[in-house]
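# A closer look at the structure
This is what each chain is made of:
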Amino acid sequence: MKVNVNLRLKDIPGQLVGALEPISANDGNIRGVVHHHDDRLGGRIAVNVTFEVRNEQALDRIMEVWKKREVDIAKIDAFFDTYPIQYLIVGNIPTKELESLTKALESMENVASIEVRYTGSANSSSRAALVTGKASRKEAITSLDEFFKKRAEKRDYILIRGLDQ
Amino acid sequence: MKVVIAGFGTVGQGIAEVIGMRQELFSKSFRQKVRIVGAFDSSTFVKDAKGLDPGELVARKAATGGVGAKSQEGKIREFIEEYDFDTLIETTPTNILDAEPGYTYIMAALNAGKNVVTSNKGPLALKFRELSRAAERNKVQLRYEASVGGAMPVINLSRELLRGEHIYSLRGILNGTCNFILNRMKDEGLPFDQALREAQEMGIAERDPSYDIDGVDSACKLAILANAIFNMDVTYHDILRTGIRSITEDAIALAAEQKKVVRLIGEINDKRLEVSPRMVPMGHPLAIGGTLNIVQLITDLAGEITVVGRGAGRRETASALLSDLLAILSDDHAKGR
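What counts, and where the lines are drawn
- Residues numbered from 1 in each chain as written.
- Chains lettered and ligands numbered in written order.
- Predicted model: local features only at pLDDT ≥ 70, side-chain atom pairs only at ≥ 80, totals over all residues.
- Heavy atoms only, no water.
- Helix = DSSP H or I, 4+ residues; strand = E, 2+ residues; numbered from the N terminus.
- Rg over C-alpha atoms; globule rule 2.2 N^0.38 Å.
- Buried < 20%, exposed > 50% of the residue type's maximum accessible area, 1.4 Å probe, protein only.
- Areas by Shrake-Rupley, 256 points an atom, 1.4 Å probe, with all protein chains shown as cover.
- Lys, Arg positive; Asp, Glu negative; His and termini not counted.
- Charge placed at Lys NZ, Arg CZ, Asp CG, Glu CD.
- Expected span 1.5 Å × (residues − 1).
- pLDDT = per-residue confidence, 0-100.
- Pairing = 2+ DSSP bridges.
- Axes fitted to C-alpha atoms, helices over the stretch in contact; angles between N-to-C directions.
- Contact = heavy atoms within 4.5 Å.
- Core = buried A, V, L, I, M, F, W, Y, C linked by side-chain atoms within 4.5 Å.
- Domains from an automatic or database assignment.
- Buried area = accessible area lost by both parts, 1.4 Å probe.
- Salt bridge = Lys/Arg side-chain N within 4 Å of Asp/Glu carboxyl O.
- Polar contact = N/O pair within 3.5 Å; in protein donor to acceptor, adjacent residues only side chain to side chain.
- Nonpolar A, V, L, I, M, F, W, Y, C, P; charged D, E, K, R; others polar.

### Describing the overall build of chain B
Secondary structure summary: chain B contains 13 helices and 13 strands in total. For chain B, the C-alpha radius of gyration of 20 Å lies close to 20 Å, the compact-globule estimate for 337 residues. Along the first, second and third principal axes, the C-alpha set of chain B runs to 65 × 45 × 35 Å. Of all 337 residues assigned to chain B, the portion counted as buried reaches 57%. About 14500 Å² of surface is accessible on chain B, with carbon and sulfur atoms providing 47% of the total. Taken together, the 42 basic and 44 acidic charged side chains of chain B have centroids lying 4 Å from each other.

Listed below in structure tokens is the structure:
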């Protein structure tokens, strides 16, 4: 996830390092730091920081450290990067398999949302199921590709991936 | 330039006609004529060092089913090796099992110091490196624009005009028959079998359609592109392949609900060498309809380049063969030959 935060730091040496250090300590990736020297309030300088962190838990840990170090957070915006999940499977897919597939996908790491839509009756010899959703990390798409590839091979489905997957 | 046409089916006849049509261009640009000094099909053969009339060759084929007198079995290879000509135009049918007879003809010509222009996928999809090395060793040209995508000039574009680019990836639709079937399934809600029958009735699909619908044709073309553009060393067997035979109208309808169409896509990048059905957003260049072929290249300097063209047909394939003949003539001209 991408985070953009306006901090207010005391105008004394070491404050900026103290504010940035927890980001690095939590495997964050700092993308930009902008000082607003003109913007002073109560002896504090405004600093805007943009960074990426793995998940909300990492952001919570960073914010805890800021609190302890008396770094004021004037405003914070967090954006989740999402990657579309698009797979269509065709073949003899029993209802139980669809349930099992949905469960397996929901339990996968970094799969933010998942929806499975299908056509055809349970008795039909051929059924199509469309799996759509969002992943919070690109790596999840690689894992999903592998997951669907193996499943399609094992159960003799035709797998139709999205163009950019 | 003296040429011999190997294989006198639709493509062989097409290039004979086009050579007849473009004599003025050859004379003006290169101060020489292109003479057809020999032609043969699977059972008949004709030669004349002074040159054969393309119109007469095509008319004879139509009237008698052959291009000349009955050929002696096993003598074609000797003829290619010993007869005096410059370029073999090889248009025999693709054979993906052992690449014959095209492979023997091409190899014989290259080893005899003759250039080869071919539309035949089999030898290139199975023995690309062997053939390329033979051409290099004998200091002659092996050109094959017509083997992929008919009149869509993707090979010469990539190897010549885009020589300075780093090409990261390629993806495209390389089989017009599959594209037609998938498009009809989506537009009319037809089941696969019905769309296939329609394609067969219109002459778009063969009576035995497996070569197209099982992705064999696309995989052959992708192997050629991987070797020619990405300098890989692969054969048709290295391509991960899924056809369109089992795609249902339900699947097409589900994709359409998401504003996607299903297309048989060939893809080459650092992770994939694959032909498989994919969901393509409607409005995307690869969502193209009809029987057209399309290729998208992603390059470092020019970015995205898309080429579209008719993937098959007598004149279309002849157009690609002609571009290769002209490239050889230009090269010879530049070297003062």
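There's plenty left to go through after this.
### Remarks on helix α2 (residues 56–68) of chain A
End to end, α2(A) covers 19 Å across 13 residues, agreeing with the expected 18 Å (1.5 Å per residue, within 8%). E70(A), located one to two residues past α2(A), shows a positive phi value of around 60 degrees.

### Section: the confidence of the model for chain B
Across chain B, pLDDT averages 94, with 100% of residues at or above 70. Interface confidence for the predicted complex, given as ipTM, is 0.85, next to a pTM of 0.83.

### Quick notes on the sheet that holds strand β3 (residues 44–52) of chain A
All names here are of chain A. With antiparallel pairing, the four strands of this open sheet are ordered in space as β2-β3-β1-β4. The open sheet terminates on both sides in strands that have one partner only, identified here as β2 (29–41) and β4 (72–79). The mean angle between the axes of side-by-side strands here comes to 15 degrees, regardless of whether they run parallel or antiparallel. With nine bridges joining them, β2 and β3 adopt antiparallel strand pairing. Of the residues in β3, the one forming a bridge with G32 is T50. Each of β1 (2–10), β2 and β3 touches helix α1 (residues 15–25); the most contacted strand, β2, lies at about 150 degrees to it. Contacts from α2 reach β1, β3 and β4 within the one sheet, and its direction differs from that of β4 by about 175 degrees.

### What to know about the nonpolar core
Residues and elements named next belong to chain B. Counting 87 residues, the largest nonpolar core has I80 and I247 as its most contacted members. Per-element tally for this core: the top contributor is helix α11 (residues 216–230), with eleven residues. Among residues more than four places away in sequence, those in contact with I80 are F40, F85, L88, Y105, A108, A109, A112 and K114. Judged by nonpolar contacts, the second largest core, of 28 residues, contains A16, V18, V34 and L57.

### Quick look at the domain arrangement of chain A
Interface size is commonly expressed as the accessible area that is lost once the parts come together. If you check the domain split of chain A, you get domain 1 (2–79) and domain 2 (83–161). Computed from C-alpha atoms alone, the centre-to-centre distance between domain 1 of chain A and domain 2 of chain A is 40 Å.

### Some points on the environment of L52(B)
Residues and elements named next belong to chain B. Its location among the elements puts L52 in the loop between β3 (44–47) and α3 (54–64). Note on L52: relative accessible area 15%, which makes it buried. Sequence-distant contacts of L52, defined by excluding residues within four places in its chain, comprise I36, V37, G38, A39, V46, K47 and L57.

### Let's talk about the interface of chain B and chain A
If you look at the interface, chain B gives 26 residues, while chain A gives 23 residues. For the pair chain B and chain A, the two sides together bury roughly 1900 Å², of which 61% comes from carbon and sulfur. Among the residues of chain B in contact with chain A, L254(B), R278(B) and M279(B) are the three that bury the most area, contributing 33% of the side total. E274(B) is the salt-bridge partner of R161(A), the closest N and O atoms lying 3.2 Å from each other. Our count for the chain B to chain A interface comes out at ten residue pairs in polar contact (both at pLDDT 80 or more). When residues of the side of chain B that touches chain A are traced back to their parent elements, those giving at least two are α12 (249–257), β10 (260–268) and β11 (273–281) of chain B. Per-element accounting of the side of chain B that touches chain A gives the leading share, seven residues, to β11(B).

### Observations concerning the domain arrangement of chain B
Residues and elements named next belong to chain B. Taken as a whole, chain B is organised into domain 1 (2–150 + 315–334) and domain 2 (159–311). Between domain 1 and domain 2, the C-alpha centre-to-centre distance is 28 Å. Domain 1 puts 15 residues into the contact, and the matching count from domain 2 is 22 residues. Together, K121, R129 and V148 form the three largest contributors to the area buried by domain 1 at its contact with domain 2, with a combined 33%. Taken together, domain 1 and domain 2 are joined by three salt bridges. Linking domain 1 with domain 2 are eight residue pairs in polar contact (both at pLDDT 80 or more). With six residues, the single largest contributor to the side of domain 1 that touches domain 2 is helix α6 (residues 121–137). Taken together, the residues of the side of domain 1 that touches domain 2 sort by class into seven nonpolar, four polar and four charged.

### Points about the pattern of salt bridges
Under the counting rule described, the total for this entry stands at 31 salt bridges over all chains. Between R155(A) and E97(A) there is a salt bridge, and its shortest N-O distance comes to 2.5 Å. Residue R155(A) is found in helix α4 (residues 138–155), and its partner E97(A) is found in helix α3 (residues 95–106); the two are separated by 58 residues along the sequence. Its relative accessible area of 34% is what places R155(A) among the partly exposed residues. Note that D217(B) and K121(B) form a salt bridge whose closest N and O atoms lie 3.4 Å from each other. Taken together, the positions of D217(B) in helix α11 and K121(B) in helix α6 put the pair 96 residues apart, joining distant regions of the chain. Looking at D217(B), the relative accessible area reads 4%, which means it is buried. According to the relative accessible area criterion, K121(B) is buried, its value standing at 12%. Taken together, the shared-partner salt bridges in this structure form one network comprising D145(A), R161(A), R272(B) and E274(B).

### Description of unusual backbone geometry
Backbone phi values are negative for most residues with the exception of glycine, while trans is the configuration of most peptide bonds. The amide bond that connects E100(B) to the next residue, P101(B), takes the cis arrangement and shows omega of 5 degrees. Structurally, P101(B) can be placed in the loop between β5 (87–90) and α5 (102–111). One non-glycine residue, D27(A), lies in positive phi territory at about 60 degrees. Take D27(A): it is sitting in the loop between α1 and β2. In this model, D156(A) sits at a positive phi of 60 degrees, which is unusual for a non-glycine residue. With respect to the helices and strands, the residue D156(A) is situated in the loop between α4 and β8 (158–162).

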